[in-house]
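# Fold and contact review
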Amino acid sequence: MSRAAVPGLPSRYPIGGQLPALYADDDFAQRFTEGLDTVLAPVFATLDNLPSYFDPRVAPADFVAWLASWVGAVDDPRWPVELRREAVVRAVELHRWRGTRRGLVEGLRLGLGVHAAITGDGGAAWSRTAGAELPPEPSAEVLVRVWPGRDPVVDVDRVNEIVRAMCPVHTVCRVEVLPGPPADEGR
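Residues numbered from 1 in each chain as written. Predicted model: local features only at pLDDT ≥ 70, side-chain atom pairs only at ≥ 80, totals over all residues. Heavy atoms only, no water.

Next up on the list: the packing of aromatic side chains. This structure, assessed with the given rule, holds six aromatic pairs. Seen in terms of ring centroids, Phe54 and Trp70 are 5.6 Å apart; in terms of plane orientation they differ by 25°. Their pairing is stacked. In this pair, Phe54 sits in the loop between α2 (50–53) and α3 (61–71) while Trp70 sits in helix α3, placing the two residues 16 residues apart along the sequence. An aromatic cluster of at least three residues, connected via ring pairs, comprises Tyr53, Phe54, Phe63, Trp66 and Trp70. (Phe/Tyr/Trp six-rings, centres within 6.5 Å; stacked < 30°, edge-to-face > 60°. Helix = DSSP H or I, 4+ residues; strand = E, 2+ residues; numbered from the N terminus.)

Okay, structure coming up:
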């Protein structure tokens, strides 16, 4: 929707009423300023409501993509507008958790509505004891298991896109699609 031309939008600040008394009864001046009011009414309406344009929960739908670009959020036009709004609202939180299990699980839930369980640590191992023997070499693979949530079918290609985008580059991630939660998930 364009805010440039809204038919019948009244101006809260009609110019004709602000002219000197000499032009109050001048038909040409009043018609001319009414034309300006028509052009300026959407500008004034936008400025009067400016704070709502920066709140993704109430911003006009066409502004959500613009706001998403500000915060580095994913804005998939295939998503319903409410999901796109939530992605913008939660963008900073998801950036904070990027590259972690929690971040990947939340990203998959938000983006695709799927549930996920992640095993493996991507090749990281450590010891809490100074001077201790080195821990055994960990597996460098991360297993991402997903199962349906919001939709009954899981789009494997889109799951792989999100996993590739959100997993650290040095890790090998394998994706398994399950019909339901894994037995060890405790559901």
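Time to look at the layout of surface pockets. The space that makes up the largest pocket amounts to roughly 420 Å³. If you go around the largest pocket, you meet 20 residues; those closest to its centre are Val74, Trp79, Ile162, Ala165 and Met166. The greatest single-element share of the lining of the largest pocket, amounting to five residues, is contributed by helix α7 (residues 156–166). Its volume calculated, the second largest pocket comes out at about 220 Å³. Contributing to the lining of the second largest pocket are 15 residues, with Gly99, Thr100, Arg101, Asp121 and Val142 lying nearest its centre. Its residues assigned to classes, the lining of the second largest pocket comprises seven nonpolar, six polar and two charged. (1 Å grid on protein atoms, 1.4 Å probe; cavity = no way out; pocket = protein on both sides within 12 Å on 5 of 7 lines; lining within 4 Å. Points joined across faces, edges and corners; volume = space filled by probe spheres on them. Nonpolar A, V, L, I, M, F, W, Y, C, P; charged D, E, K, R; others polar.)

This part takes up the packing of helix α6 (residues 101–112) against α7. Running from N to C, α6 and α7 cross one another at 145°; their axes reach a closest spacing of 10 Å. The handedness of the crossing between α6 and α7 comes out as right-handed. Listed contacts from α7 to Gly103, Leu104, Gly107, Leu108, Gly111 and Leu112 of α6 are Arg158, Val159, Ile162, Val163 and Met166. Split by residue class, the contact of α6 with α7 holds seven nonpolar, three polar and one charged. (Axes fitted to C-alpha atoms, helices over the stretch in contact; angles between N-to-C directions. Left-handed = near helix turned anticlockwise from the far one by under 90°. Contact = heavy atoms within 4.5 Å.)

Residues Leu104, Leu108, Val144, Val146, Val159 and Val163 are the most contacted members of the largest nonpolar core, which totals 15 residues. Secondary structure elements with two or more residues in this core: α6, β1 (115–119), β2 (141–147) and α7. Per element, the largest residue contribution to this core is four residues, and it comes from α7. Here Val144 is in contact with Leu104, Leu108, Ala117, Ile118, Val163, Arg174, Val175 and Glu176, once residues within four sequence places are set aside. Judged by nonpolar contacts, the second largest core, of seven residues, contains Val64, Ala68, Val88 and Ala91. (Core = buried A, V, L, I, M, F, W, Y, C linked by side-chain atoms within 4.5 Å. Buried < 20%, exposed > 50% of the residue type's maximum accessible area, 1.4 Å probe, protein only.)

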